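# Topology and contacts: notes
Now for the letters of each chain:
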Amino acid sequence: MSQSTLDAPVYLGAFVTVTLLVSWTIAFGTITDTVPAYTTPLMMLVPAVVTLALRRIQGDSIVRTVRTSVSGTTGPALLFAVIYPVLFIGVAALVALSTGLGTYQPGANNAISQVIDQGGVALLPVFIVLNLGLMYGEELGWRGYLLPQLTARWGRVSATAAVGVVWGLYHSAFLYTAATVLGVANPLVVAVVQASAVFMVSFPFAYAYYLTDGSVLPVAIFHLLWNILNPWILGDIYGNVQGLVAGQIFVVNGEGVLGVVLGLVAAGGFVLLFKRGYRIPNS
């Protein structure tokens, strides 16, 4: 991305401000006595809607913006998007079990089995397409717009860290209100720890993007796999539901204390990779 194609800072500021304010409004406005099923999908679409609105203001068509955002997918990016979440969550599960932080609890439900139980295998492609669309809703904003814009200005490490901070803030309102409604102890601490874990995982997410020529498709696949595997194996930190590894979800989850610790180690490795000079996507 050349300096001549960079958006003016006002656009970046507008993206961050509007995305956070709208997302927080949805979280605080819809989560009252319960956590509605529609809250998460609404929030996940906000980054994409704001990005598309900004592109329209700048004169780009929605079709062109979407088409460009999924062009440039590479094999290494797709491979990494599949392997990393499996490896990270697997290691977290092994650490939890070997240290006594968690115990194996067979029979925990996962999203795939629930879909098959409710509608059969024929419903599975519909589930995948719809949920991949939701992941795209986030990733078009975070990795499709904000990350490349900041990378061209600040470099990979600083840009990834900045996106991680915004991404963590984006999650914080939902997790705080959900934890409060569900009666989880110390909801503010839970929200801060989860936001820290999100910050850490922004580094492998960014790496998946940097392996492409500007496509967010591998990152969306990464996001989908993470959202399926993490709650199934390590528990659902958003709904406070145990997974295959039973324990204090705040501790053993991939977006909990264990996720922060392991994510910090992994983030250090990605920082070294970023500094080795991999090319920046063109879009």
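Our subject is the structure listed above.
In what follows, the accompanying structure is described. Every value quoted in this text rests on a predicted model; they were computed, and no experiment measured them.

## Some details on helix α11 (residues 257-275)
Between the first and last C-alpha of α11 there are 27 Å, a value that for 19 residues agrees with the 27 Å anticipated at 1.5 Å per step. The sharpest bend along α11 comes to roughly 25 degrees, located at G263. All of the buried residues along α11 are L258, G259, V260, L262, G263, A266, A267, F270, V271 and F274. Those residues of α11 hidden inside the fold are in contact with α4 (75-99), α7 (156-181), α8 (187-210) and α10 (249-252).

## Some points on helix α9 (residues 217-234)
Over its 18 residues, α9 extends 25 Å from the first C-alpha to the last, a length consistent with the 26 Å expected when each residue adds 1.5 Å. Within α9, burial applies to P218, V219, A220, F222, H223, L224, W226, I228, L229, N230, I233 and L234. Following α9 by one or two positions, G235 has its phi on the positive side, about 100 degrees.

## Observations concerning the nonpolar core
One finds F80, W142, F222, I233 and F270 to be the most contacted residues of the largest nonpolar core, which totals 75 residues. With 11 residues, the top contributor of residues to this core is helix α6 (residues 124-154). Not counting the four nearest positions on each side in its chain, F80 is found in contact with P85, P204, Y207, A208, L211, F222 and F270.

## Looking at the layout of surface pockets
Looking at the largest pocket, its volume works out to about 1300 Å³. Taken together, the elements giving at least two residues each to the lining of the largest pocket come down to α2 (39-57), α5 (111-119), α6, α7, α8 and α9. Broken down by element, the residue count for the lining of the largest pocket peaks at eight residues, all from α9. Grouping the constituent residues of the lining of the largest pocket by class yields 27 nonpolar, 15 polar and three charged.

## Description of the packing of α6 against α8
Between α6 and α8, whose axes approach to 11 Å, the crossing angle comes to 80 degrees. By the angle between their axes, α6 is roughly perpendicular relative to α8. Here E139, R143, L147, P148 and T151 of α6 lie close against α8, whose contacting residues are S202, F205, A206, Y209 and Y210. Each residue belonging to the contact of α6 with α8 can be placed in one class, and the counts come to six nonpolar, two polar and two charged.

Reading the values: the criteria
- Residues numbered from 1 in each chain as written.
- Predicted model: local features only at pLDDT ≥ 70, side-chain atom pairs only at ≥ 80, totals over all residues.
- Heavy atoms only, no water.
- Helix = DSSP H or I, 4+ residues; strand = E, 2+ residues; numbered from the N terminus.
- Expected span 1.5 Å × (residues − 1).
- Bend = angle between axes of the 7 residues up to and from the residue.
- Buried < 20%, exposed > 50% of the residue type's maximum accessible area, 1.4 Å probe, protein only.
- Contact = heavy atoms within 4.5 Å.
- Core = buried A, V, L, I, M, F, W, Y, C linked by side-chain atoms within 4.5 Å.
- 1 Å grid on protein atoms, 1.4 Å probe; cavity = no way out; pocket = protein on both sides within 12 Å on 5 of 7 lines; lining within 4 Å.
- Points joined across faces, edges and corners; volume = space filled by probe spheres on them.
- Nonpolar A, V, L, I, M, F, W, Y, C, P; charged D, E, K, R; others polar.
- Axes fitted to C-alpha atoms, helices over the stretch in contact; angles between N-to-C directions.
- Parallel < 35°, antiparallel > 145°, perpendicular 65-115°, else oblique.

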